[in-house]
Each structure stands twice: as C-alpha cells, then as structure tokens.
Amino acid sequence: MAYRIGVLEGDGVGPEVISWGVSILEAAVRRGGIELEFVKASVGGTTFLETGKVLPDESLQTLRGCQAILKGPMGRPDIEAGVVERDGILALRQHFGQYVNLRPVKLFRGLEAASPLKDELLKRGVDFVIVRENSEGLYSRMGGITETSATDINLFSERGVRRILEFAFQLAQKRSNHLVSVDKANVLSASLFWRRKFEAMAEAHPQVKCSSQLVDSFCLLVLQDPSPRKWDVVVTDNMFGDIIADEAAAIVGSLGMSPSANINPGGISMVEPVHGSAPDIAGKGVVNPLATILSCALLLRHCLERDDLAGDVEHAVQRALDEGLRTPDIAAGGPTCTTDELAAAVLRHL
Ligand code: IPM
Ligand code: MN
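Computed from a predicted model, the values in this text were never measured in an experiment.

(A) Just the site of ligand 1, in detail. The full set of residues close to ligand 1 is Glu-85, Ile-89, Leu-90, Arg-93, Arg-103, Arg-132, Tyr-139 and Asp-242. Within the side chain of Arg-93, one N or O atom sits 2.6 Å away from an oxygen atom of ligand 1. One of the side-chain nitrogen or oxygen atoms of Asp-242 is found 2.9 Å away from an oxygen atom of ligand 1. About the coverage of ligand 1: the protein hides 78% of its 320 Å² of free accessible area. Its atoms largely coinciding with the cavity grid, ligand 1 occupies the second largest pocket. With four residues, helix α4 (residues 83-95) is the largest single contributor of residues to the shell around ligand 1. Considering only residue class, the shell around ligand 1 consists of three nonpolar, no polar and five charged.

Here it is as structure tokens:
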C-alpha cells in the first residue's frame, strides 16, 4: 500500500519540526507494510511574500492529489496579523472540509513538573480528547469591520452541528462512553441550538454518559480536577475549542506537547502541531518537536487507519522522555536538550 502525503513546512520553526515529522513517519512505516511518498507544497507567510498568495492554486492542486497532509505552523511577524491565519490555515481546513479538529490532551509520564498544576492534581493522570468543531461558528469568516462597528457571525447549521456531535459520540463509544459538551447556552443562541441537538443525541445514545458544561465553568473545573474520572471526550464549538485547547496544553506541560488533526472523514485530513510559528526561537534549535511528532501519530491513526503504528510513535515519545530529554519549554528549570537531540531519541526508540 502506498500513500502520498502532502508536506507544508510552514514558517518560523515550521521547517525544523516538519523535517523531523517526515523522518519519524518514514521510520514508523518501515516495518508496517506501507509506503509513503512525500510531496512538498508551498503555503503560508513566506509563500505570500514570494508569490503574493498565502495559498496558491498550484499548492491546492498538489494537495488534492494526496491522502493526507502534514502541516507546519504558519505566520510571520512581518505580515499583517490575520492574513496567514484566515487565508492559509482556516482556508485549508475549509477547503478540504475538515470539520473535525481533534486535540488530544495527554500528560506524558515525567512531565508533571512542567505543568503549573500541583502534583496532587496530576496523580491520576490527564488523558482526554477535545473534539473541536472546525468549519462553522465564529471562525466561518462571515462578518466585517468598519470604522464604527464590527461583526462576526456565529453561524451553526443543523448539518454542521449534527456531524460534529456524531463524530464525538462515536469517539466516546470507542473510549470510555463519557462525553461532555461545552457551550455558552445561557447567553448565545448558537450555543442553545447546539445544546438542544446535543441533548437530543444523548437521548438516542443511552449507553453514553453525557453532560453539558458552560465554557467558563469548564475552564475552572478542568484546573480543579483534570483527571480521567472527570473528562474523556469533550466536544465543543470552534472558538471555545480553540481556547480550551491552549488551556489544556498548559495543564500537560506545554503547547509543545499538543498535537492536532483536522479531519474530514472520507476526505483529505491534515495534522499539525497546535503551537504557532514561534519566530522568536526559529532557527535556534530549541523548539519542541514532540507536538509535530505526536501529530504524525495522529496521521497514522486517523488518516491511514494504523493505530498500531501510531502507538509505536507514542511509545517512542514516552521512551525518549524517560531518558530525561527536555527541550526548554518542558524542562521546568532542569537541564535542557535541543530539538535534534529529543527528536533523534524518538527516532532511535522507533
Ligand atoms: C489553532 C490556531 C488557529 C485557530 C489560528 C492561527 C487560525 O490558533 O490552530 O489553534 O484558531 O484555529
Ligand atoms: Mn489556537
């Protein structure tokens, strides 16, 4: 079996982490009976400066011929904020119909000191998944700005809500049958709409333990107890998912430990680290490569249906951390290593 994987290096620290992602994928499939062909395409801030377009048609054409995409972080400080985000990142997700944004939140053994939470709160572990709606809500890019006012339309469609909830219910049934929906139904009509659909679907799935949580309250409760007895699958809308994913990343030590997958079930999906292009540390060899490496595990699991190979990568990450290797973001004041040292250790354990 051969698959073509589109590779977007991105900006800033992007090329440093993505080249390791490619090496890890190559090593992971070596004994897995599949072959990968990597095809580069150009998208992002540097592409914009070179071509005048963040997402050139030619790049889209290349990506359409791929089975999955590995995307680096994008954005440059010398380009007006929002241009690369809207015309690159959000445009890619929307173009490929990737309506699910899966963000696993897992505390790796040994990283307790990198978390701002007390050890006491971490002793049961942290292992939940955020299912973020990825195509509608406040990120649907409808609205506008004038000198005197601005609007963003928080649009949710029946179809859009149904499909993300269905995905979350299916995932909950593969995990521990425990699903929490996060909304702001006491204020927003879009959230009320969402909650009604969620409650109707909960009735149709009596085997899944379901509850709804207001987003402000969720942010508080997850800090008071982030353990698996409280959270397993958390489904929420586009903006709330964006925000709680960063809060959750802090709980597990760093944005540098947070992978994500933008999924179009049956279409072309795209994995990417949750962190940005971090221009302040670009080229210094200190960026944490694990968010990208763990994103590659998601590519194996969710795009190529190879749970076994994804597990191999995740184990190799744990083994590298067990050696004590820590990039500065997860070092908690202890000794640090470089991007290459940490990534090479993962590769060795594969
Ligand atoms: C993320 C980022 C993006 C988002 C931005 C850069 C468009 O913050 O992936 O979380 O909001 O989804
Ligand atoms: Mn974000």
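(B) Inspection of the pairing of strand β9 (residues 209-214) at higher detail. Where strand β8 (residues 178-183) and β9 come together, six bridges link them in parallel fashion. Paired with Ser-181 across the bridge in β9 is Ser-212. What joins β8 to β9 is helix α7 (residues 189-204), and the crossover it makes is right-handed.

(C) Structural detail: the layout of surface pockets. In this structure, the largest pocket occupies an estimated 850 Å³ of space. Surrounding the largest pocket, 32 residues form its lining, Leu-102, Leu-171, Lys-174, Arg-301 and His-302 being those nearest its centre. Among the secondary structure elements, those contributing two or more residues to the lining of the largest pocket are β4 (100-106), β5 (127-133), α6 (158-174), β11 (259-263), α10 (290-303) and α11 (307-322). Ranked by residues supplied to the lining of the largest pocket, first place goes to α6 with six residues. Taken domain by domain, the lining of the largest pocket gets at least three of its residues from each of domain 1 (1-99 + 259-350) and domain 2 (116-251). Here the second largest pocket defines a volume of roughly 420 Å³. Around the second largest pocket, the lining is made up of 25 residues, and of these Met-74, Glu-85, Ile-89, Arg-93 and Val-274 lie nearest the centre. Counting residues per element, the ones that place at least two in the lining of the second largest pocket are α4, α9 (238-251) and β12 (269-273). Counting residues per element, the lining of the second largest pocket draws most heavily on α4, which supplies six residues. Here the lining of the second largest pocket is built from residues that sort into eleven nonpolar, four polar and ten charged.

(D) Representation of the pattern of salt bridges in the model. Counted by the stated rule, this structure contains 19 salt bridges. For Arg-93, the salt bridge is made with Glu-272, and the minimal N-O distance between the two is 2.9 Å. Remark: Glu-272 occurs in strand β12 and Arg-93 occurs in helix α4; sequence separation between them is 179 residues. Assigned by exposure class, Arg-93 and Glu-272 land together as buried. The shortest N-O distance in the salt bridge between Arg-301 and Asp-307 comes to 2.5 Å. A relative accessible area of 23% means that Arg-301 is categorised as partly exposed. Among the residues examined, Asp-307 registers a relative accessible area of 49% and is labelled partly exposed. A cluster of three or more residues bridged by salt bridges with shared partners is formed by Lys-71, Arg-93 and Glu-272.

(E) Structural view of empty space enclosed by the protein. Tallied over the full model, the rule gives one cavity of 30 Å³ or more. Empty space within the largest cavity amounts to approximately 60 Å³. Arg-103, Pro-104, Val-105, Lys-106, Ala-245, Ala-249, Val-252, Met-257, Ser-258, Pro-259 and Val-274 together form the lining of the largest cavity. Looking at the lining of the largest cavity, the elements with two or more residues in it are β4 and α9. Counting residues per element, the lining of the largest cavity draws most heavily on β4, which supplies four residues.

(F) Quick peek at the packing of aromatic side chains. The tally for this structure, following the rule as stated, stands at three aromatic pairs. Summarising the aromatic geometry, the rings of Phe-218 and Trp-231 are spaced 4.9 Å apart at their centres and angled 70° between planes, so their arrangement reads as edge-to-face. With a gap of 13 residues between them, Phe-218 in helix α8 (residues 215-224) and Trp-231 in the loop between α8 and β10 (233-236) connect regions that are remote in the sequence. Overall, Phe-218 belongs to the buried group, its relative accessible area being 2%. One cation-aromatic arrangement involves Lys-106 over Phe-108; the distance from NZ or CZ to the ring centre is 5.2 Å.

Cut-offs applied
- Residues numbered from 1 in each chain as written.
- Chains lettered and ligands numbered in written order.
- Predicted model: local features only at pLDDT ≥ 70, side-chain atom pairs only at ≥ 80, totals over all residues.
- Heavy atoms only, no water.
- Near = heavy atom within 4 Å.
- Polar contact = N/O pair within 3.5 Å; in protein donor to acceptor, adjacent residues only side chain to side chain.
- Areas by Shrake-Rupley, 256 points an atom, 1.4 Å probe, with all protein chains shown as cover.
- 1 Å grid on protein atoms, 1.4 Å probe; cavity = no way out; pocket = protein on both sides within 12 Å on 5 of 7 lines; lining within 4 Å.
- Sits in = over half its atoms within 2 Å of the grid points.
- Helix = DSSP H or I, 4+ residues; strand = E, 2+ residues; numbered from the N terminus.
- Nonpolar A, V, L, I, M, F, W, Y, C, P; charged D, E, K, R; others polar.
- Pairing = 2+ DSSP bridges.
- Right-handed = clockwise from strand over helix to strand, strands pointing away.
- Points joined across faces, edges and corners; volume = space filled by probe spheres on them.
- Domains from an automatic or database assignment.
- Salt bridge = Lys/Arg side-chain N within 4 Å of Asp/Glu carboxyl O.
- Buried < 20%, exposed > 50% of the residue type's maximum accessible area, 1.4 Å probe, protein only.
- Phe/Tyr/Trp six-rings, centres within 6.5 Å; stacked < 30°, edge-to-face > 60°.
- Lys NZ or Arg CZ within 6 Å of the ring centre and 35° of its normal.

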